[in-house]
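# Residue-level structural notes
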Amino acid sequence: MKSMIKSLFFIVTIIAITSFKGFGQIIKPNDSLQAKVVSAAKTIMTSAKTSSLITIDSEGRPRVREMSPFEAESDFTVWFGTNPKSRKVEQIKNNSKVTLYYLEKESAGYVMIHGNASLVNNQEEKDTRWKEEWDAFYPNKKEDYLLIKVTPIWMEVVSYTYNILGDPITWKPAVINFENIKKE
């Protein structure tokens, strides 16, 4: 009963906070909030340590797994290492559209990146993107290790910590469209 009251209080508090005008933030490429959203996203992604990688299987269903990403590049490109025989590799070959999800552990915030994944088997890249703790998982780095590169298309960010909240009516989060940014 006590946990139900706490949950109800949390939900009412969130609704009250997000009901005020000005809390919905739709980010346009030159919006002054863009730098705040980008900064918050980088901090959330770095502190999360892991990311959920979501692919689509052959039956059209989403498949989710927790991954250990490398730190995102300045343009939010994200790299992962994996086994070339894994299901995710086959799923990416069949449908390169993926979603990455980073949870902001201190609150109910998140960063969600929608992008295109590509498989990279270049040995120089593989040597550059390697974690020593993976030695046991990939005894033959040349054959047993493959990279997944996710190039972002757009990103959603919600963070109560950084006061980046969704639209008070539709709950649509702050969105950054990387295709619009790259054109400018």
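Residues numbered from 1 in each chain as written. Predicted model: local features only at pLDDT ≥ 70, side-chain atom pairs only at ≥ 80, totals over all residues. Heavy atoms only, no water.

## Observations regarding the overall build of the protein
Going by this rule: Where helices and strands are cited, they refer to DSSP runs of H or I of at least four residues and of E of at least two residues respectively, numbered from the N terminus. Only heavy atoms matter for contacts: two residues are in contact if any of them lie within 4.5 Å across the pair. With residues, only the protein chains shown are counted as cover, and all accessible areas are computed by Shrake-Rupley using a 1.4 Å probe.
Per the secondary structure count, the protein includes six helices and seven strands. Across the protein, helices and strands are ordered from the amino to the carboxyl terminus as α-α-β-β-β-α-β-β-α-α-β-β-α. Residue pairs at least 24 apart in sequence account for 65% of intrachain contacts in the protein once pairs closer than 6 positions are excluded. As displayed, the protein offers around 11,000 Å² of accessible surface, 56% of which is attributable to carbon and sulfur atoms.

## Focus: the pattern of salt bridges
As a reminder, the rule being used: The salt bridge definition used is simple: a Lys or Arg side-chain nitrogen within 4 Å of an Asp or Glu carboxyl oxygen. Burial classification: accessible surface area is computed with a 1.4 Å probe over protein chains only, and a residue below 20% of its type maximum counts as buried, one above 50% as exposed, and the rest as partly exposed.
In this structure the tally under the stated criterion is six salt bridges. Among the salt bridges present, the one from Arg-63 reaches Asp-57, with a minimum N-O distance of 2.8 Å. Lys-141 is paired through a salt bridge with Asp-127; the nearest N and O atoms lie 3.5 Å apart. You can see Lys-141 sitting in helix 5 (residues 141-144) and its partner Asp-127 sitting in helix 4 (residues 123-128), a full 14 residues away along the chain. The class for Lys-141 is partly exposed, based on a relative accessible area of 25%. Among the ionic contacts, a cluster of salt bridges with common partners joins Asp-57, Glu-59, Arg-61 and Arg-63.

## Observations regarding the confidence of the model for the protein
Note the threshold: Every residue carries a pLDDT, the predictor's confidence in it, which falls somewhere between 0 and 100.
In this model, the protein carries a mean pLDDT of 84, and residues with pLDDT of at least 70 account for 81%. Confidence drops under a pLDDT of 50 for residues 1-30, and excluding neighbours within four residues, the segment shows 39 contacts in the predicted structure.

## Overview of the nonpolar core
Note the threshold: We define the nonpolar core as a collection of buried residues of types Ala, Val, Leu, Ile, Met, Phe, Trp, Tyr and Cys that are connected through side-chain atoms lying within 4.5 Å of one another.
Membership of the largest hydrophobic core comes to 27 residues, with the highest contact counts inside it found for Phe-76, Leu-100, Tyr-102, Val-111 and Met-155. Residue contacts for Val-111: discarding those within four places in its chain leaves Ala-41, Ile-44, Met-45, Leu-100, Tyr-101, Tyr-102, Met-155, Glu-156 and Val-157.

## Focus on the packing of aromatic side chains
We count it as follows: Side-chain rings of Phe, Tyr and Trp, where Trp is taken by its six-membered ring, are said to pair if the distance between their centres is within 6.5 Å; with planes under 30 degrees apart they count as stacked, over 60 as edge-to-face, and otherwise as tilted. Whether a charge sits over a ring depends on NZ of Lys or CZ of Arg being within 6 Å of the ring centre and within 35 degrees of the ring normal.
For the structure on display, the rule yields nine aromatic pairs. Relative to Tyr-110, the ring of Tyr-101 lies with its centre 5.5 Å away and its plane at 25°, an arrangement referred to as stacked. Since its relative accessible area comes to 29%, Tyr-101 is described here as partly exposed. Given a relative accessible area of 16%, Tyr-110 falls into the buried group. Aromatic ring contacts, followed pair by pair, group Phe-70, Trp-130, Trp-134, Tyr-138 and Tyr-145 into a single cluster. Taking the ring centre of Trp-79 as reference, the NZ or CZ of Arg-129 above it sits at 3.8 Å. Taking NZ or CZ as reference, Lys-131 lies 5.0 Å from the ring centre of Phe-70, over its face.

## As for the side chain of Ser-51
Looking at the secondary structure, you find Ser-51 in strand 1 (residues 51-56). Not counting chain neighbours up to four residues away, the residues in contact with Ser-51 comprise Arg-65, Glu-66, Met-67, Pro-69, Phe-80, Leu-100, Tyr-101 and Tyr-102.

## Overview of unusual backbone geometry
Here the phi dihedral of Lys-49 falls at roughly 70°; this positive angle occurs in a residue that is not glycine. Mapping Lys-49 onto the fold places it in the loop between helix 2 (34-48) and strand 1. Judged by its relative accessible area of 60%, Lys-49 falls in the exposed class. Positive phi, normally seen in glycine, also occurs at Trp-171, with a value near 65°. For Trp-171, the location among the structural elements is in the loop between strand 6 (146-158) and strand 7 (174-177). Since its relative accessible area comes to 66%, Trp-171 is described here as exposed.

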